[in-house]
Amino acid sequence: MAAVAQCVRGALRQRYPLMSFSLRTSPRLLCVATQQKNSGQNLEDDQTQSQNEQKVEPSSAEKRLTEEKVKLEEQLKEVTDKYKRALADAENVRQRSQKLVEEAKLYGIQSFCKDLLEVADILEKATESVPKEEIKDENPHLKSLYEGLVMTEVQIQKVFKKHGLLRLDPVGAKFDPYEHEALFHAPMEGKEPGTIALVSKIGYKLHGRTLRPALVGVVKDP
């Protein structure tokens, strides 16, 4: 077989010298080709590994970014809640302050009004103490004095009303512990139990708030 192969190679050399060169060099070329192929495959493997590494690295970065985003969102939520609570507290303080200012405007004269009530009580007692039968033209000095007291009493009541101070004269009304102070309880015919039968001292309210309760007598069941 070896002799046959040599004869074939000899014949080929004589007829095709270039093929003879190719046949001599083909094993080397095959080796080079094989090396190039292996090199190309190794290059592809390196590129694939590099791409995989690049894919892994963005995944880690994305994870860090996601964690950072979650932290920032939590911080934002916390700051927003604190801001809303601060706004609510500030609004409550503003409303309370405004209410205190309004009350100070309304009730700042409370002590002064209490002092004036004593003057009004004295004027009322003075007019009530004058005998009506003595008020006549034959007694001009007493008549003028009485008319002056009545005019003063009317004027002071106008001033009280102008500043939100109103009288409480609750005869026949239901007893209210927030507006009335019971001096006694007594049964009375023709009167409904729990109503006020007698007012001993007039009460007053300042802008709807009881400044002085009326001193009253209350009807009770027989």
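Figured I'd write up the structure that's included with this text.

Cut-offs applied
- Residues numbered from 1 in each chain as written.
- Predicted model: local features only at pLDDT ≥ 70, side-chain atom pairs only at ≥ 80, totals over all residues.
- Heavy atoms only, no water.
- Core = buried A, V, L, I, M, F, W, Y, C linked by side-chain atoms within 4.5 Å.
- Buried < 20%, exposed > 50% of the residue type's maximum accessible area, 1.4 Å probe, protein only.
- Helix = DSSP H or I, 4+ residues; strand = E, 2+ residues; numbered from the N terminus.
- Contact = heavy atoms within 4.5 Å.
- Pairing = 2+ DSSP bridges.
- Axes fitted to C-alpha atoms, helices over the stretch in contact; angles between N-to-C directions.

**Structural notes on the nonpolar core**
Judged by nonpolar contacts, the single largest core of 18 residues is most densely connected at Leu117, Phe160, Leu165, Tyr204, Leu206, Leu211 and Val216. Contributions of two or more residues to this core are made by α3 (110–129), α4 (140–162), β3 (196–201), β4 (203–206) and β6 (214–219). It is α3 that contributes the most residues to this core, 4 residues altogether. Leave out the neighbours within four places in its chain, and leucine 211 touches Gln110, Cys113, Lys114, Leu117, Leu165, Tyr204, Lys205 and Leu206.

**Examining the sheet that holds β3**
Within the open sheet, the 3 strands sit side by side as β2-β6-β3. Their pairing is mixed. Two strands lie at the open edges of the sheet, namely β2 (180–186) and β3, each paired on one side alone. Each adjacent strand pair in this sheet contributes to an overall mean axis angle of 30°, direction not counted. In this structure, β2 lies alongside β6, joined through 6 bridges in parallel fashion. Bridge pairing in β6 places histidine 180 opposite alanine 214.

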